[in-house]
Amino acid sequence: MEEVSSNVVHATLPRKQASLSGYINGFILSIIFTVWAYVATTHHTWTHNKLIAALLVLASAQFLVQVFFFLHIGHETKPRWKLLLLVMMVIFVLILVLGSIWIMNNLNYRMTPDQMNTYMLKQDGGI
Amino acid sequence: MLGLFAGFLGRLTLDQLPHNPVTAGAAASMVLIVIAGIIAMTYFKKWRWLWDEWLTTTNHKRIGVMYIIVALVMLLRGLADALMMRAQQATAASPSHGLMSPEMFQQVFSAHGTIMIFFVGMGLMFGIINLVLPQGLGARDVAFPFLNATSFWLFTAGMLLINMSLVIGEFSAAGWLAYPPLSELKYSPGVGVDYWIWSLQIAGIGSLLSGINFMTTILKMRAPGMSMMKIPMFAWNVFGSMVLVAFAFPILTVTLTLLYLDRAFGMHFFTAGGGGNAMMYVNLIWAWGHPEVYILVLPAFGVFSEIVPTFSRKRLFGYTSMVYATWGIVFLSFIVWLHHFFTMGAGADVNAFFGIMTMAIAIPTGVKIFNWLFTMYQGQIRFTSPMVWFLGFVFLFTIGGVTGVLMAVPAIDYQVHNSLFLVAHFHNMIISGVVFGFFAGLTYWFPKIFGFRLNERIGKYAAYCWIGGFALAFFPLYILGLMGATRRLDHYDASLGWQPLFIVAGIGAMIIALGVGLQILQLIVSIFQRNNNRDLTGDPWNARTLEWATSSPPPEYNFATIPLVTERDAFWVAKQKGTKTIPSHDYHPIQVAKNTSSGIFIGVASFIAAFGFVWHIWWLVLLALAGALATIFYQTLREDEAGERTIPAAEIAATEAAFRKQKEAA
Amino acid sequence: MSDIATNNATVLAEQQTNDGKTLFGFWAYIMTDCLLFASLFATYAVLHGNTAGGESGRDLFSLPYILVETFALLTSSFTCGLAMLAANRHAKRQTALWLGITFALGLVFLVMELTEFGRLAREGNGWQRSGFLSSYFTLVGTHGLHITIGLVWMAALASRVWLKGFTRATLRRLSMFSLFWHFLDIVWIFIFTIVYMLGAA
């Protein structure tokens, strides 16, 4: 029958994918990651740089948890367009955010007088 | 006089109507044309027709036509600005000050750039995508027809707002990108920059919605059997472009908002004090701005990918490599944006990274150019007007591209940044890329949409004028740039010896204007000659893709039966085998989206809200936003009931039978 | 197959395709919204140190308060999931119940956030004070604006479910809404981490 497109989606709502256990797992894991991040910050468990890294890892982990358990990405049938779009989004977000930080930081210490002094002194092997 | 209502109307007062004769004249002619249009419509009793057939349509073909009409009207305005700038620079060798004041000149070049990029470039592009994309995929319409109409009306609302700035208030004098601190309240206290912000903001949201719409159309509405590697190359390019739209336009939305927040609410994102950082604006706006130029040019590449095979009577060379090249361009276009501000002061490591990435992006572009040339090689070339546009493009675009690679070297860019060399480069890319691509596409698909061919001879003459005129108008600018001429100069010292080059450039601009005149003539003549040039077969060029299988113009539903596709260039294959692309039996009733007035109401509400934002009339903003929200809510209610209308099978059978008879008689 | 069966199968197939199309389109919109927030995050990252002589995040934010807000929103994301499960079962009462709880928790979040904004503004740390505060208010405020829109949408959907039951369109819209609501909690993960946790670090 010609009208049936090859892209028919067999489950319009995430019937097969969604289950109570999925949501509960996601919820509990999210709580764990949130509390961990909170305690690490308020109790100064790690040094500054390690804390930053840890917080970002915890945030990314919680992101993945919620994307998998709450948004059901990873459960879809092929072709996995939603996943592709998600991956593209993550890539472009990282480019924009990290790129902007890199560029602006670079510009800031070169283009701001007092910071320029600090930078130049460092270059001379000073501070 | 309006003191009583001072708070009521924000900063709007009667003395915001234009003072100087040129602006007042332009504004008055614009208003008069609109009034004349209204009188004509009333006299010929065409309001009902306009409302039912055009203003409330959700059909992609009609929406495409409307986009193109708006874009072409704005092209005339942008060209007028260009001619004014050329005239000014050709006559402003000191001690002369040319024809206009510096303030006027600043508004003219700001308007020129803004109009050309946002309303001509984006408009032509969305227009042609609307016209062609669904049919090429074997689909009946885009994924979200109502959203499509809304996008068009948002685009038009933005266009109306920028034209409104001519009638009341002023336009921005801060260039087409409005860098702070100049665009901040302190240095641009008037409404100009706010008009700029809001017309772009609304049009930008329209574009973003279209990006989502077309992406979904390509992924979800292909004919059965049409896997991604069988879609027309135009569709691949549109897909890449729409991915860029989806991921780049939100950056513009945010940046415009932040600038507005600085201006209207005293925030400190980009201000010179209070912890603002004006360089961050430049960073953000170009993070959007670079993808934007690829958004514009990729569909033009797609148009050429359709035209060259047809007129070489040979399939596109290297389809797979074209796909990879397209995605290479999409990805790379997101990591080159700093090349627009090499001179802002970043270090060598930052500049070098972006310089190398910029050079890299020339590679996939080169792949495309070679593939087109290889397609032509040993083909049976037909020298039609679309091919004339293509050949002009190949020659000119390559030159422009090479100047781009030149400027990708930061050390060289330090010499030519913001000079006329840069101006020549980007006009080179946009005119020979986007504009020629569009004109080629318009000439190519015109018979499909309107049912008759355009006059080929006049079309070729117009193309020659554009190609020669472009060279005359912009090659002198390359030379001037290398000689040290800065951009946006309203006058210069006569001893520099630049005037002769500016005069040549002015002549070139006039030849382009002649080309435009010929195009208008072409349209008029073609309309008069339409009965002799009717396209009766639906396939006037002996082309390759599915859109040519329908009648010209196609029926509302495009395909009576959705074709089953087994390979690329399905229509061509069917023609060679002597089979029918669209089966001519077993017609079922077809559902099409109903007309709706919600699109135009949302456009109107957005226009009013934006006007309120510009003039700080807050109650108007709230009212208009509430109106837009209510319209959306009403539309969703309506969709529940019956958002679609059915075309009965009998009517379809009759339409198709008529087309078959017409084809046999031809 | 008989004509009627063929027609029904066609209609069902078309509806499923329509649903798939619409849900994908909404997903694409969510992806663009992520870029919107990314731009705001980039701006915050660049400007967070520009306090113009004023106080920084460390002095201004109350972490316990933020934790409560975070738990409210996180729980509402969970209960939204439960509402979706109930909707799939066409359980009207349960759906309304879980949506109601989601709404209440979302409202708690919003009120807490607005209260904090008000306090900052009254102390003289409003959005006009510095680049840091402008970017803080805009980033967190944009999230709050999305939450507000979500609450309005949720109320409209809940009433439609209550009055008209589970039509195909309503189920589709519930799917879209839950996608939106989950996405807002995901964005909050990053606001919580980058603005509040890293701000205090």
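Residues numbered from 1 in each chain as written. Chains lettered and ligands numbered in written order. Predicted model: local features only at pLDDT ≥ 70, side-chain atom pairs only at ≥ 80, totals over all residues. Heavy atoms only, no water.

**Some details on the overall build of chain A**
Working step 1: Summing up its helical and strand segments, chain A has four helices and zero strands in all.
Working step 2: For chain A, the succession of helices and strands along the chain, N to C, is α-α-α-α.
Working step 3: Here chain A holds 127 residues, and the buried ones make up 40% of them.
Working step 4: Pairs at least 24 residues apart make up 46% of the contacts formed inside chain A by residues separated by at least 6 positions.
Working step 5: Just so you have it, chain A exposes about 7,200 Å², and 66% of that area is on carbon and sulfur atoms. (Helix = DSSP H or I, 4+ residues; strand = E, 2+ residues; numbered from the N terminus. Buried < 20%, exposed > 50% of the residue type's maximum accessible area, 1.4 Å probe, protein only. Contact = heavy atoms within 4.5 Å. Areas by Shrake-Rupley, 256 points an atom, 1.4 Å probe, with all protein chains shown as cover.)

**Quick notes on the overall build of chain C**
Working step 1: Secondary structure assignment for chain C yields six helices and zero strands.
Working step 2: Order of helices (α) and strands (β) in chain C, N terminus to C terminus: α-α-α-α-α-α.
Working step 3: On the principal axes, the C-alpha backbone points of chain C span a range of 80 × 30 × 25 Å.
Working step 4: Sorting the 201 residues of chain C into buried and exposed places 62% on the buried side.
Working step 5: In chain C, 82% of the contacts between residues at least 6 apart in sequence involve partners at least 24 apart.
Working step 6: Entry remark: accessible area of chain C is about 7,200 Å², with carbon and sulfur atoms responsible for 65%.

**Brief notes about a nonpolar patch on the surface**
Working step 1: On the surface, a cluster of nonpolar side chains totalling about 550 Å² of accessible area is made up of A:L20, A:I24, A:I28, A:I32, A:W36 and A:W46.
Working step 2: In this structure, A:L20 sits in helix α1 (residues 20-42). (Patch = residues over 30% accessible without salt bridge, like charges linked within 9 Å, V, L, I, M, F, W, Y side chains within 5 Å. Salt bridge = Lys/Arg side-chain N within 4 Å of Asp/Glu carboxyl O.)

**A closer look at the environment of C:T115**
Residues and elements named next belong to chain C.
Working step 1: You can see T115 is positioned in helix α4 (residues 92-122).
Working step 2: For T115, a relative accessible area of 44% translates into the label partly exposed.
Working step 3: A C-alpha to C-alpha distance of 22 Å links T115 and G100, two positions 15 residues apart in sequence.
Working step 4: When near neighbours in sequence (up to four residues on either side) are disregarded, T115 contacts Y65 and R122.
Working step 5: Here V111 takes part through its backbone oxygen, which lies 2.5 Å from a polar atom of the side chain of T115. (Polar contact = N/O pair within 3.5 Å; in protein donor to acceptor, adjacent residues only side chain to side chain.)

**Topic: the interface of chain A and chain B**
Working step 1: Every contact between the two is made by 25 residues of chain A and, on the other side, 35 residues of chain B.
Working step 2: Of the roughly 2,700 Å² buried between chain A and chain B on both sides combined, carbon and sulfur atoms contribute 75%.
Working step 3: On the surface where chain A and chain B come into contact, there are zero salt bridges.
Working step 4: One can count three residue pairs in polar contact (both at pLDDT 80 or more) joining chain A with chain B. (Buried area = accessible area lost by both parts, 1.4 Å probe.)

**Considering the nonpolar core**
Working step 1: By size, the foremost hydrophobic cluster in this structure holds 300 residues, and its most contacted members are B:W372, B:F393, C:Y136 and C:Y196.
Working step 2: Per-element accounting of this core gives the leading share, 23 residues, to helix α7 (residues 233-265) of chain B.
Working step 3: If we skip the residues at most four places from it in the chain, B:W372 touches B:F301, B:F304, B:S305, B:V308, B:L316, B:M322, B:F390 and B:F393.
Working step 4: Core analysis: the second largest hydrophobic core is formed by seven residues, B:Y557, B:A560, B:Y587 and B:I652 among them. (Core = buried A, V, L, I, M, F, W, Y, C linked by side-chain atoms within 4.5 Å.)

**Let's talk about the interface of chain A and chain C**
Working step 1: Of the residues lining the interface, 46 residues belong to chain A; the matching set on chain C comes to 48 residues.
Working step 2: Around 4,400 Å² of area is buried between chain A and chain C when both sides are counted, 83% of it from carbon and sulfur atoms.
Working step 3: Between chain A and chain C we count two residue pairs in polar contact (both at pLDDT 80 or more) in total.
Working step 4: The set of elements that each furnish at least two residues to the side of chain A that touches chain C consists of α1, α2 (48-69) and α3 (81-111) of chain A.
Working step 5: Take the side of chain A that touches chain C: its biggest share by element is twelve residues, from α1(A).
Working step 6: Partitioned by chemical class, the residues of the side of chain A that touches chain C number 32 nonpolar, eleven polar and three charged. (Nonpolar A, V, L, I, M, F, W, Y, C, P; charged D, E, K, R; others polar.)

**A look at the packing of aromatic side chains**
Working step 1: Under the criterion given, the structure shown has 88 aromatic pairs over all chains.
Working step 2: Measuring from ring centre to ring centre gives 5.2 Å for B:W198 and B:Y260, while their planes differ by 85°; the resulting arrangement is edge-to-face. Placement of the pair is B:W198 in helix α6 (residues 192-220) and B:Y260 in helix α7, with a sequence separation of 62 residues.
Working step 3: For B:W198, a relative accessible area of 12% translates into the label buried.
Working step 4: Aromatic ring contacts, followed pair by pair, group C:Y44, C:F61, C:F109, C:F117, C:W127, C:F132, C:Y136, C:F137, C:W188 and C:Y196 into a single cluster. (Phe/Tyr/Trp six-rings, centres within 6.5 Å; stacked < 30°, edge-to-face > 60°.)

**Here we look at the pattern of salt bridges**
Working step 1: Using the criterion set out here, one finds twelve salt bridges over all chains in the structure.
Working step 2: Residue B:R62 pairs with B:E53 through a salt bridge whose shortest N-O separation is 2.8 Å.
Working step 3: Overall, B:E53 belongs to the partly exposed group, its relative accessible area being 31%.
Working step 4: Among the salt bridges present, the one from C:R119 reaches C:E116, with a minimum N-O distance of 3.8 Å.

**What about helix α10 (residues 348-360) of chain B?**
Working step 1: Spanning 13 residues, α10(B) covers 18 Å between terminal C-alpha atoms, matching the ideal 18 Å at 1.5 Å per step.
Working step 2: Restricting attention to buried positions, one finds in α10(B) the residues B:V350, B:N351, B:F354, B:G355, B:M357 and B:T358. Seen along its axis, α10(B) keeps its buried residues to an arc of 165°; they face one direction. Facing away from the buried side of α10(B), by more than 90 degrees, are the exposed residues B:A348 and B:I356.
Working step 3: In this structure, the buried residues of α10(B) make contact with α3 of chain A together with α9 (319-332), α11 (362-376) and α13 (410-416) of chain B. (Expected span 1.5 Å × (residues − 1). Arc of directions from axis to C-beta.)

**Points about helix α15 (residues 456-482) of chain B**
Working step 1: With 27 residues, α15(B) should cover 39 Å at 1.5 Å per step; its first-to-last C-alpha distance of 39 Å lies within 8% of that length.
Working step 2: Capping the start of α15(B), B:N455 holds a side-chain oxygen 3.0 Å from the backbone nitrogen of B:R457, two or three residues further along.

**What about the state of the cysteines?**
Working step 1: The final tally for this structure, using the stated rule, is zero disulfides over all chains.
Working step 2: Looking at C:C34, it has no disulfide partner, and the nearest cysteine sulfur is the one in C:C80, 16 Å off. (Disulfide = S-S within 2.5 Å.)

**Quick look at the side chain of B:T271**
All names here are of chain B.
Working step 1: Structurally, the position occupied by T271 is in the loop between α7 and α8 (278-312).
Working step 2: Within the structure, T271 has its side chain in polar contact with the backbone oxygen of G273 (distance 2.7 Å).
Working step 3: Every residue in contact with T271, bar those within four places of it in the chain, is listed here: E184, D262, G276 and N277.

**Some points on the side chain of B:S165**
Working step 1: Relative to the helices and strands, B:S165 is located in helix α5 (residues 145-167).
Working step 2: Apart from residues no more than four positions distant in its own chain, B:S165 is found in contact with B:E170, B:F171 and B:Y195.

**Remarks on unusual backbone geometry**
Residue and element names in this part refer to chain B.
Working step 1: Looking along the chain, the bond that leaves P180 and enters P181 is cis, with omega of -5°.
Working step 2: You can see P181 is positioned in the loop between α5 and α6.
Working step 3: With an omega of -5°, the peptide bond running from S552 to P553 counts as cis.
Working step 4: Counting through the fold element by element, P553 comes out in the loop between α16 (499-528) and α17 (570-577).
Working step 5: Despite not being glycine, H616 has its phi angle at roughly 60°, a positive value.

**Overview of the confidence of the model for chain C**
Working step 1: Averaged over all residues, the pLDDT of chain C equals 92, while 93% of them reach at least 70.
Working step 2: The ipTM assigned to the predicted complex is 0.95, against a pTM of 0.94. (pLDDT = per-residue confidence, 0-100.)

**Things to note about the packing of α1(A) against α2(A)**
Residue and element names in this part refer to chain A.
Working step 1: For the pair α1 and α2, interaxial distance at closest approach is 9 Å and the crossing angle is 170°. Relative to α2, the element α1 is oriented roughly antiparallel. From α1, G22, Y23, N25, G26, L29, S30, F33, T34, W36, A37, A40 and T41 reach across to α2, where they touch L51, L55, L58, A61, Q62, V65, Q66 and F69.
Working step 2: Each residue belonging to the contact of α1 with α2 can be placed in one class, and the counts come to twelve nonpolar, eight polar and no charged. (Axes fitted to C-alpha atoms, helices over the stretch in contact; angles between N-to-C directions. Parallel < 35°, antiparallel > 145°, perpendicular 65-115°, else oblique.)

**Thoughts on the environment of A:M89**
Working step 1: In this structure, A:M89 sits in helix α3.
Working step 2: Owing to a relative accessible area of 5%, A:M89 belongs among the buried residues under this scheme.
Working step 3: Spatially, the C-alpha atom of A:M89 lies 30 Å from that of A:Y109, the residues being 20 residues apart in sequence.
Working step 4: What A:M89 contacts, discounting residues up to four positions off in sequence, is B:F247, C:M31, C:C34 and C:L35.

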